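Examination of the molecular architecture
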Amino acid sequence: MSTPNAPPSIHESAKGVDPGEEKLPPYVEADVIPVEHCDIIDEDGSDPVYKAKAQVLGDAFQEIGMGRYQWYLFFLTGFGWFSDNLWPVVTGLLLPPTINEFKYQGAWLKFAQALGSLVGCAFWGVSSDIWGRRWSFNLTLFITGVFAMAAGASPNAVALCALVAAWSVGVGGNLPVDSAVFLEFIPPSHQYLLTVLSIWWAFGQLVGSLVAWPLFAKFSCASADDCPRSSNQGWRYFLYTMGGVMTLFFLLRFAVFHLYETPKFLMSRGRDAEAVEVVHQVARFNGKKSSLTLDMLTKHDVERKADGDVPAPALDTSAKGSFLRTLRTFSGSHVKSLFATPKLAFSTTILILIWALIGLAFPLYNGFIPYFLATRGADFGDGSIDITYRNQVILSVVGLPGALIAGWMVDLPYLGRKGTLATSTIITGVFLFAATTARSSNALLGWNCAYSVTSNIMYGVLYAVSPELFPAKDRGTGSALVASANHICGALAPIVAIYTNLETAVPIYVAGACFIVGGFLAFLLPYEPRGKASI
C-alpha cells in the first residue's frame, strides 16, 4: 500500500490515471542541466547494449533533476546507513551484561556478528542484481528487526550468538543494496549525496548509545557474582527496542512509501517499457515531465558496426545473464587493470592493506571498548553501569563533527586527501595507546573522545578517497577488493580477542598498532586526488 501522496503504481499509470485526482503537482518542463558523461560504465566491457541504455536512463534522470521522490529516498536509504553502524555498536554494548549473565567468552559474539555481516554483504549484493532491488531493500531491515527482537529472549550464549549472526546477515546487505537504489534514482549531478548519507551512520551510533544508557543502568547486574536473568533484563529490553526501531523502518519503506523497481534493473531484464514508465512516474511525482521514450532504449537492442552491417549481440535478459553481468565485475581482466602499471599496482596494493588494517583495528577497538571502559572504571573506583554507558554516549556525540572536519581538511593545500587520511589514522592510533596510560576515569574518557573525533575524520576520508584512486571502468572491482579485505579482517578481530585477555589493554595495543601502520602506508599512496578529476 502507499500513502495518498505516493507515486501511482505502474499498472495505474498504464490505465491512464488522471494526475489531478492524485493531487500531484502539475507537469512542468524539466530544466536540463548538462552533465559530462563520466566513465562509470565500463567502456571495455562486452555488453554495449547495456552500456548505451544505462546512459540513456542516466540522462533521463538528469533531465528530471533532484525532486521529492529522491529526497524521500535520501531518508529511507539513510536507514540502511543508520543500521550499518548501529548493530556493530550494539554487539559491543551487549558484552558486559551478557558476559555477566551467561559467563561466556564475549569475543564469540563479535565473531558471530562479523561472519553474518560478511555473508550478508556478499549475498544481498548479488541477489539484488538477480531478483531486483525492491525485495532486498525491504528484507534487509525486516530480517535485522525480527532476529534482533528474537535475540532479546535468548536463553543462553549459543542462542544469542546464533541470532546475532542471523540479524547481521540483514545488516551486511544494507550498504550494497541501499547505495545501488539511491544511485539508480538520482541524477548524475547529485551523486555526491551518497557521501552525505554518512551522517546517518554517525546517528546510528549515537541513538544506540542513548537508548542503552538508561536501560542498562537501571536493569542490569552490577557484577557477574550474582546475575540471574530476572536482575539483568536491560540488554533484552534494549534489543526489543532497537529491533522494534528496525521493524518500524521496514514498515516505513514497505507500507508507507512506494518504491519502484529501479529502471536500470528493469532494463537489464529486458523490461524496457516498465523502465520508461517508472522514469515517467518519478518525473510526475516530482512535478516534472520526462522526454524519455521507449524508442530511445529499444533502438540500442540491435546496434550496427560502423564499418559493416553486422548486429551486435542483444542484451541477455535472463536471470542467468543478470547473474553473469554481476560476476563479470570480478573478472580477471578488471583485477588485472587495477595492477596494469607499477604505479597503479602500488596504489591498489596500499589501499587494500589500509582497508585490511583498519578492518581489523576498528571492530577490535569499538567492539570491546564498553568492556574495557567498565573494567578500567572499576579500577578507578567509578565503574558503575550508569557511568560506563554515559561515557559511551559522550563518545558518540563528540564524534559527530568528524565528517564535517574531514570535508574541510581534504581541500587544504599541502594536506589534501592523502595527508588528511594519513595524519588522522596515525593520530587515531596514538590516542589509543595514550588511553592505556590514563590514571583516572576522566583522563580515559578524554583520550577516547579524541579517538572518536579522529577516527570519524579517518573514515570520512577513506570512503571518499578510495573510489577516486580507481579508474572508473574498474571502480566496482576495486571497491569490492578493499571491502572484502575490510570484512575478512573484521572477522579476524574477535579471534585476536579470543586469544588475548580482555581485562588487559592488549586488544587496544593491537588496534592502535594497526591504525599507525595504516596511517604511514597512506603517506605512500602515489596519487593525490585533491583538485583533480578522477579518471
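It should be emphasised that the depicted structure is a prediction, and the values quoted were computed from it without experimental measurement.

As a further point, take the overall build of the chain. Along its length, the chain carries 22 helices and two strands. Burial analysis of the chain (535 residues in total) assigns 53% to the buried set. Summarising the internal contacts of the chain: among those between residues at least 6 apart in sequence, 82% fall at separations of at least 24.

Judged by how many residues are buried, helix α7 (residues 174-183) sits mostly within the fold: seven of 10 residues are covered. For α7, the full list of buried residues reads N174, V177, D178, S179, A180, V181 and F182.

Any covalent bond linking the sulfur atoms of two cysteines counts as a disulfide. As enumerated under the stated definition, the model contains one disulfide in all. The residue that forms a disulfide with C221 is C227, at a sulfur-sulfur distance of 2.3 Å. Classification of the bridge connecting C221 and C227 rests on its S-S torsion, roughly 95°, and on that basis the disulfide is right-handed. With no disulfide partner, C489 has as its closest neighbouring cysteine sulfur the one in C514, 8.3 Å distant. Its relative accessible area of 17% is what places C489 among the buried residues.

Attention shifts here to the pattern of salt bridges. Summed over the entire model, instances satisfying the criterion amount to five salt bridges. For E101, the salt bridge identified is with R236, shortest N-O distance 2.7 Å. Here E101, found in helix α3 (residues 68-102), pairs with R236, found in helix α10 (residues 234-256); they are 135 residues apart in sequence, far enough to count as distant. This pair shows no difference in class: E101 is buried, exactly as R236 is.

Our focus in this paragraph is the packing of α3 against α10. Two elements in contact, α3 and α10, have axes separated by 10 Å at closest approach and are oriented at 165°. On the basis of the axis angle, α3 is roughly antiparallel to α10. Where α3 crosses over α10, the two elements pack in a sense that is left-handed. Considered class by class, the residues forming the contact of α3 with α10 number 17 nonpolar, five polar and three charged.

Bringing the packing of aromatic side chains into the picture now. By the definition in use, this model includes 25 aromatic pairs. Here the aromatic rings of F102 and Y104 are separated by 6.5 Å at their centres, their planes lie at 55°, and the arrangement is tilted. For the residue pair F102 and Y104, the accessibility class agrees, reading buried in each case. Here a set of aromatic residues connected by ring pairs shows up, and it is made of W71, F74, F75, F79, F82, F182, W200 and F249. Sitting over the face of the ring of F285, R68 holds its NZ or CZ atom 4.2 Å from the ring centroid. Positioned above the aromatic ring of F137, the side-chain terminus of R253 is 3.7 Å from the ring centre.

What follows deals with the nonpolar core. Counting 111 residues, the largest nonpolar core has W87, W167, F185 and F216 as the members making the most contacts within it. Residue contributions to this core peak at 16 residues, all from α3. In contact with F216, not counting residues within four places along its chain, are L93, L94, P97, G234, W235, F238, I385 and Y389.

For helix α17 (residues 385-398), with 14 residues, the first-to-last C-alpha span of 20 Å sits near the 20 Å given by 1.5 Å per residue. Along α17, the positions that sit buried rather than exposed are I385, T388, Y389, N391, Q392, V393, L395 and S396.

What follows is about the confidence of the model for the chain. Across the chain, the average pLDDT comes to 77, with 75% of residues at 70 or higher. This stretch, residues 1-46, has a pLDDT under 50; its non-local contacts, to residues over four places away or in other chains, come to 83 contacts. Segment residues 304-310 is flagged for pLDDT under 50; beyond a separation of four residues in sequence, or across chains, it makes five contacts in the model.

Once that is clear, we can look at the packing of helix α2 (residues 48-64) against helix α12 (residues 272-285). Relative to each other, α2 and α12 sit at 15°, their axes nearing to 10 Å. By the angle class used here, α2 and α12 are roughly parallel. α2 and α12 meet at a crossing whose hand is right-handed. Between α2 and α12, the contacting residues are K53, L57, A60, F61 and I64 on the first element and D272, V279, V282 and A283 on the second. Residue composition of the contact of α2 with α12, grouped by class: seven nonpolar, no polar and two charged.

Looking now at a nonpolar patch on the surface. Taken together, the side chains of L118, I488, L492, I495 and Y499 make up a nonpolar region of the molecular surface, amounting to roughly 490 Å² of accessible area. Sort the elements by how many residues they give to the nonpolar patch and helix α21 (residues 475-498) lands first, with three residues. Along the chain, I488 turns up in helix α21.

For E184, the position within the fold is in the loop between α7 and α8 (193-196). Overall, E184 belongs to the buried group, its relative accessible area being 12%. Here R133 takes part through its side chain, which lies 2.7 Å from a polar atom of the side chain of E184. Of note is the side chain of E184, whose polar atom sits 2.7 Å from the side chain of T262.

Further remarks concern the environment of Y527. Within the fold, Y527 resides in the segment after α22 (506-523). Residue classification places Y527 among the partly exposed residues on the basis of a relative accessible area of 27%. Through-space distance from the C-alpha of Y527 to that of L469 is 7.2 Å; in sequence the pair is 58 residues apart. Contacts of Y527, omitting those with residues within four sequence positions, involve K343, L344, S347, K418 and L469.

The rules we used
- Residues numbered from 1 in each chain as written.
- Predicted model: local features only at pLDDT ≥ 70, side-chain atom pairs only at ≥ 80, totals over all residues.
- Heavy atoms only, no water.
- Helix = DSSP H or I, 4+ residues; strand = E, 2+ residues; numbered from the N terminus.
- Buried < 20%, exposed > 50% of the residue type's maximum accessible area, 1.4 Å probe, protein only.
- Contact = heavy atoms within 4.5 Å.
- Disulfide = S-S within 2.5 Å.
- Salt bridge = Lys/Arg side-chain N within 4 Å of Asp/Glu carboxyl O.
- Axes fitted to C-alpha atoms, helices over the stretch in contact; angles between N-to-C directions.
- Parallel < 35°, antiparallel > 145°, perpendicular 65-115°, else oblique.
- Left-handed = near helix turned anticlockwise from the far one by under 90°.
- Nonpolar A, V, L, I, M, F, W, Y, C, P; charged D, E, K, R; others polar.
- Phe/Tyr/Trp six-rings, centres within 6.5 Å; stacked < 30°, edge-to-face > 60°.
- Lys NZ or Arg CZ within 6 Å of the ring centre and 35° of its normal.
- Core = buried A, V, L, I, M, F, W, Y, C linked by side-chain atoms within 4.5 Å.
- Expected span 1.5 Å × (residues − 1).
- pLDDT = per-residue confidence, 0-100.
- Patch = residues over 30% accessible without salt bridge, like charges linked within 9 Å, V, L, I, M, F, W, Y side chains within 5 Å.
- Areas by Shrake-Rupley, 256 points an atom, 1.4 Å probe, with all protein chains shown as cover.
- Polar contact = N/O pair within 3.5 Å; in protein donor to acceptor, adjacent residues only side chain to side chain.

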